[in-house]
Amino acid sequence: MLIKKLFRKSEAYYTVSDLSKAIGPIIDLMVVSLFIGPNGVTVLGYIAPLIMLFELIGTAVSSGSRNEVSALIGAGKVDEANRAFSGAIIMGGGLAVVIAILIYIFGSGVAFVLGARNPEIGLMTRQYIYGYLIGFPFFTLTRILTPYLQMEGEYKRVSSTSMLTTVIDILGDLFVVFVLHGGMFEIGLATSLGYVIPFFLGATYFFGRKKRSVFKFTLKGVTPKLCINLFILGAPAGVVKASNSVGGILVNNMLTSINMAYLVAAYGVFSQISVFIRSSWYAPADTLHAFAGVFIGEEDRESLKKIQRISLTDGLIYTSIVTVVLFVFAPVLAGVFLKSNDPEALELGVECLRVACFSLPFNGIVYGFNNYLMAVKRIRFCNLYSFLIECGALVPITFLALRTLDYHGAWVAKVLTMSTLCLIAAIYIYMNKEGDTFSDKMLLLPRSFGSLPEDEIAITATSTEEIMELSRVAIAFAMEHGADKSHAGKFGLIAEELSNFMTEHGFDDGKPHNINMRLVAKEEDLIIRMRDDCKPFNLEEYYELIRAERKTEEDISLVIIFNMVKDIKYISTFGANNLILKY
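Residues numbered from 1 in each chain as written. Predicted model: local features only at pLDDT ≥ 70, side-chain atom pairs only at ≥ 80, totals over all residues. Heavy atoms only, no water.

Draft legend 1. Highlighting the environment of Phe-139. By the secondary structure assignment, Phe-139 is in helix H6 (residues 136-151). A relative accessible area of 9% places Phe-139 in the buried class. With 401 residues separating them along the chain, Phe-139 and Glu-540 place their C-alpha atoms 35 Å apart. Filtering out sequence-adjacent residues up to four positions away, Phe-139 remains in contact with Phe-54, Glu-55 and Tyr-195. (Helix = DSSP H or I, 4+ residues; strand = E, 2+ residues; numbered from the N terminus. Buried < 20%, exposed > 50% of the residue type's maximum accessible area, 1.4 Å probe, protein only. Contact = heavy atoms within 4.5 Å.)

Here is the structure:
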């Protein structure tokens, strides 16, 4: 119940954040179209591949560092996690600054390579690029910091940052055209400001005076090898971006060769709408990636299976709803996005939407599987699979479909591509030898991963009465794993006192809460992993505080816990308190 609640909360905030990001570029296009003119729209078309390159850097570093850090956090290795966190900031920010300087120096050549060879349009392209470059490093750093804010449970800050980016971009564009009467440089600068200010909103959480964050910036232990490894781990996310760009260009060229009016525009309608609906598959897939790393670090097989089921179910439900909406409202949406009254153009747009939308339910499976591959660090196959999604499978299937079904094959190819990728995923899982059942094979982890079923037990409590039951279960568990009556009693006492203490400090807000306790017998240790959705409360810091103030008699239960255990670690992840105690 607790895991599902945290998972759904993460999905919801991802959706809000993603939708706010999708609005900004549309507003830019509208403002430029109305007030700058056709040449300005052409400039935005030329710089689109460059923007995707910029996104690729931040996405790859962000994905790779989260992949590494989430597993370290799950294992309680906070110092190593902080080194990876710091390495991501140093590498991502440094790389962005170097690229920005190089593009500024070679701006004319970059504009020429992008295709802006007309002198007037070339000048406007350079102007926009120069304005945009100011905010590029901040854009990259924000993408890197965002997953860490999510891991800290700072979902509202993530949403606020995304919405602030959009609001500043819109207000900046309006200020440029109505007050400054500026051009493309000022439009690019307005976009930059939309990155700079929100960056500081996010960064203050990590670098503020109170330093509430689990993650601390450090130069100690950050090596070039660590930075390179983070980029390699995030390579699949970059491959998706790059292949999306290349695949789009190749498919558009194939459609252009048919020489049929409105064909490319009709095909583009689905791509434009996909920007607004992509969270229906990205939210479950991205949340799966984030949560899987933590549970891999915790070596928790059952929780991994649980979030796989949640992600798969949610992805299918969300994308199926969107599919129905697109199919029913295809005529309205085609008219809005095509902006044409031509019956032929609208007919093509409607047909495209009503056929291509049936690819969406497969997206939930494909992107969930791809993100899970990253989480378990099957990077080589993940790179290949990422390439197949937007280019390697899409392009040849589209080519064959066009030759077989004429222009209708363009949208049919979407469905064929995604269903083929689902089949590839199923075959890959089935061929995995590390498991007897399909659900075990889906973990893509060694049989030795985690504990045997008899060596762990998970219990959830929502009230004081249920907490007393936790103590009895803990005693029985300890005795089953070799502890004598005295040691088992102490283990049960730790579970009871810890649960009571967390209830006293976390259940006092009148809201319903859950305490999830996982007992694990590993080698010579008995381990308690406790997770609750109460207000943030760092048990280690609180214990040091009462010791410093010599108020230990007021929290005798906490003293008992710390005196009995070998080791205790507190980590806040995804808005939940997490404790790891070894006895």
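That was the structure; now back to the text.
Draft legend 2. Molecular detail of the packing of aromatic side chains. In this structure the tally under the stated criterion is 28 aromatic pairs. Their ring planes at 80° and their centres at 5.0 Å tell us that Phe-369 and Tyr-385 sit as a pair that is edge-to-face. Here the residue Phe-369 occupies a position in helix H16 (residues 360-375), and Tyr-385 occupies one in helix H17 (residues 379-392), the gap between them amounting to 16 residues. For the pair formed by Phe-369 and Tyr-385, the shared burial category is buried. (Phe/Tyr/Trp six-rings, centres within 6.5 Å; stacked < 30°, edge-to-face > 60°.)

Draft legend 3. Broad picture of unusual backbone geometry. The phi angle at Asp-406 is positive, at roughly 60°, despite the residue not being glycine. Examined against the element boundaries, Asp-406 turns out to sit in the loop between helix H18 (394-405) and helix H19 (409-431). The backbone of Leu-444 shows a phi angle near 55°, a positive value even though the residue is not glycine. Mapped onto the fold, Leu-444 is located in the loop between helix H20 (438-442) and strand E1 (456-461). In this structure Leu-444 comes out as buried when scored by relative accessible area, which is 3%.

Draft legend 4. Structural detail: helix H2 (residues 38-74). Its 37 residues give H2 an end-to-end C-alpha distance of 52 Å, which sits within 8% of 54 Å, the value for a rise of 1.5 Å per residue. The largest bend along H2 measures about 40° and falls at Ala-48, with the proline Pro-49 one to four residues further on. Of all 37 residues making up H2, 27 are buried, and the element is well covered by its neighbours. Taken from the residues just after H2, Gly-76 is the one with a positive phi, measuring 80°. (Expected span 1.5 Å × (residues − 1). Bend = angle between axes of the 7 residues up to and from the residue.)

Draft legend 5. Layout of the state of the cysteines. All told, the structure shown has zero disulfides when counted by the stated rule. Not part of a disulfide, Cys-352 finds its nearest cysteine sulfur in Cys-357, a span of 9.4 Å. (Disulfide = S-S within 2.5 Å.)

Draft legend 6. Structural context of the pattern of salt bridges. A full pass over the atoms with the stated rule returns 14 salt bridges. A salt bridge links Lys-522 to Glu-299, with the shortest nitrogen-to-oxygen separation between them at 3.2 Å. Placement of Lys-522 in strand E2 (residues 515-522) and of Glu-299 in the loop between helix H12 (279-298) and helix H13 (301-328) is noted, with a sequence separation of 223 residues between them. Owing to a relative accessible area of 36%, Lys-522 belongs among the partly exposed residues under this scheme. Owing to a relative accessible area of 28%, Glu-299 belongs among the partly exposed residues under this scheme. Here Arg-518 makes a salt bridge to Asp-300, at a shortest N to O gap of 3.7 Å. With Arg-518 in strand E2 and Asp-300 in the loop between H12 and H13, this residue pair connects regions lying 218 residues apart in the sequence. Side by side, Arg-518 and Asp-300 carry an identical accessibility label, which is buried. (Salt bridge = Lys/Arg side-chain N within 4 Å of Asp/Glu carboxyl O.)

Draft legend 7. Representation of a nonpolar patch on the surface. Where nonpolar side chains cluster on the molecular surface, the patch consists of Ile-317, Ile-321, Val-324, Val-325, Phe-327, Val-328, Phe-329, Val-332, Val-336 and Phe-358 and spans about 900 Å² of accessible area. Only H13 and helix H14 (330-338) provide two or more residues apiece to the nonpolar patch. It is H13 that contributes the most residues to the nonpolar patch, six residues altogether. For Val-325, the position within the fold is in helix H13. (Patch = residues over 30% accessible without salt bridge, like charges linked within 9 Å, V, L, I, M, F, W, Y side chains within 5 Å. Areas by Shrake-Rupley, 256 points an atom, 1.4 Å probe, with all protein chains shown as cover.)

Draft legend 8. Spatial organisation of empty space enclosed by the protein. Applying the stated criterion to the full structure yields three cavities of 30 Å³ or more. The calculated volume of the largest cavity comes to roughly 60 Å³. Lining the largest cavity are Ile-3, Leu-6, Phe-291, Val-294, Phe-295, Arg-531, Thr-573 and Phe-574. When residues of the lining of the largest cavity are traced back to their parent elements, those giving at least two are helix H1 (2-36) and H12. Sorting elements by how many residues they give to the lining of the largest cavity places H12 first, with three residues. Taken together, the residues of the lining of the largest cavity sort by class into six nonpolar, one polar and one charged. Approximately 40 Å³ is the volume found for the second largest cavity. What lines the second largest cavity is simply Ser-10, Tyr-14, Arg-66, Gln-150, Asp-286, Thr-287, Ala-290 and Phe-574. The set of elements that each furnish at least two residues to the lining of the second largest cavity consists of H1 and H12. Here the element with the most residues in the lining of the second largest cavity is H12; it accounts for three residues. Its residues assigned to classes, the lining of the second largest cavity shows three nonpolar, three polar and two charged. (1 Å grid on protein atoms, 1.4 Å probe; cavity = no way out; pocket = protein on both sides within 12 Å on 5 of 7 lines; lining within 4 Å. Points joined across faces, edges and corners; volume = space filled by probe spheres on them. Nonpolar A, V, L, I, M, F, W, Y, C, P; charged D, E, K, R; others polar.)

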